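Summary of structural features
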Amino acid sequence: ALQSADAPRAGCTGALGASRFAALHTEVARARAVLGERQGALAAWREAAACAPRDPMPHREIATVLMALGRLDEARVELDRASALARGSPAGLDEVRARLDYASARWSDAARGAAAIAARFEREARRAEEAPAAAPPAEDDGALEALPAA
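Please read these numbers as outputs of a predicted model, since none were measured by experiment.

The rules behind each value
Residues numbered from 1 in each chain as written. Predicted model: local features only at pLDDT ≥ 70, side-chain atom pairs only at ≥ 80, totals over all residues. Heavy atoms only, no water. Phe/Tyr/Trp six-rings, centres within 6.5 Å; stacked < 30°, edge-to-face > 60°. Lys NZ or Arg CZ within 6 Å of the ring centre and 35° of its normal. Helix = DSSP H or I, 4+ residues; strand = E, 2+ residues; numbered from the N terminus. Polar contact = N/O pair within 3.5 Å; in protein donor to acceptor, adjacent residues only side chain to side chain. Expected span 1.5 Å × (residues − 1). Core = buried A, V, L, I, M, F, W, Y, C linked by side-chain atoms within 4.5 Å. Buried < 20%, exposed > 50% of the residue type's maximum accessible area, 1.4 Å probe, protein only. Salt bridge = Lys/Arg side-chain N within 4 Å of Asp/Glu carboxyl O. Axes fitted to C-alpha atoms, helices over the stretch in contact; angles between N-to-C directions. Parallel < 35°, antiparallel > 145°, perpendicular 65-115°, else oblique. Left-handed = near helix turned anticlockwise from the far one by under 90°. Contact = heavy atoms within 4.5 Å. Nonpolar A, V, L, I, M, F, W, Y, C, P; charged D, E, K, R; others polar. pLDDT = per-residue confidence, 0-100.

A word on the packing of aromatic side chains. Counting across every chain of the model gives 1 aromatic pair. Summarising the aromatic geometry, the rings of Tyr102 and Trp107 are spaced 5.2 Å apart at their centres and angled 75° between planes, so their arrangement reads as edge-to-face. The side chain of Arg120 reaches across the aromatic face of Phe121, ending 4.8 Å from its centre.

Rendered as structure tokens:
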């Protein structure tokens, strides 16, 4: 069975295979979250973050679990850490921040975040509409028929 104990404890950053251990912790965290084991998921996400200190994703997920536990101030710290690591606002961070602002009754920040998300989706939809249509499949040139039968 996959367990966080299979990877080195905190500080595995310098360990050979740290990225593999981070991936294992990520799988454990996701499994525990599906099972509703929030504390276990939180511990596994923290281990993943320790193994991959430059990856914003574990910090985003830590923030999400902390929000579910009602620990909003701690969630904001983790989300700020994820944002600093991401150097911008990659997909997922702005949505989590808007949810956190809403949960924290920071209404104007939540509304501003939701508007920014809607604008981003609108830009993406416009780009998708403007993209050239995919080329039709090539005509069958009979190359497959030339192969000998098995």
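To continue, consider the environment of Asp109. Examined against the element boundaries, Asp109 turns out to sit in helix 6 (residues 107-130). Sequence-wise, Asp109 and Ala98 are 11 residues apart; in three dimensions their C-alpha atoms are separated by 7.2 Å. Within the local environment of Asp109, its side chain forms a polar contact with the side chain of Arg106, the two groups lying 3.1 Å apart. Among the polar contacts listed, one links the side chain of Asp109 to the side chain of Arg112, at a separation of 2.5 Å.

Relative to the 21 Å expected for 15 residues at 1.5 Å per residue, helix 4 (residues 72-86) spans 21 Å between its end C-alpha atoms, a close match to the ideal helical length. Directly beyond the C-terminal end of helix 4, a positive phi value near 50° is found at Arg87.

Looking now at the nonpolar core. The biggest cluster of nonpolar side chains holds 20 residues, and the ones touching the most others in it are Trp45, Ile62, Ala75 and Leu79. Secondary structure elements with two or more residues in this core: helix 1 (18-34), helix 2 (38-51), helix 3 (56-68), helix 4 and helix 5 (93-103). Listed in part, the 5 residues of the second largest apolar core include Cys12, Phe21, Ala22 and Ala52.

What follows covers the pattern of salt bridges. Using the criterion set out here, one finds 14 salt bridges in the structure. For Arg46, the salt bridge is made with Glu78, and the minimal N-O distance between the two is 3.7 Å. One end of the pair, Arg46, is in helix 2; the other, Glu78, is in helix 4, with 32 residues separating them in the sequence. Judged by its relative accessible area of 34%, Arg46 is partly exposed. One network of salt bridges, with partners in common, ties together Asp94, Glu95, Arg120 and Glu124.

Take the packing of helix 3 against helix 4 next. Interaxial distance between helix 3 and helix 4 falls to 8 Å at its minimum, and their mutual angle equals 165°. The angle between helix 3 and helix 4 places the two elements in the roughly antiparallel class. The hand of the helix 3/helix 4 crossing is left-handed. Residues Pro56, His59, Arg60, Ile62, Ala63, Leu66 and Met67 of helix 3 lie in contact with helix 4, whose contacting residues are Leu72, Glu74, Ala75, Glu78, Leu79, Arg81, Ala82, Leu85 and Ala86. Of the residues assigned to the contact of helix 3 with helix 4, the class counts are 11 nonpolar, 1 polar and 4 charged.

A residue-level look at the chain finds 75% of positions with pLDDT of 70 or above and a mean pLDDT of 82. At the level of individual helices and strands, the chain shows its lowest average pLDDT in helix 5, which scores 88, and its highest in helix 2, which scores 95. In this model residues 1-8 is a low-confidence stretch, pLDDT under 50, and it forms 16 contacts with partners more than four residues away in sequence or in other chains.

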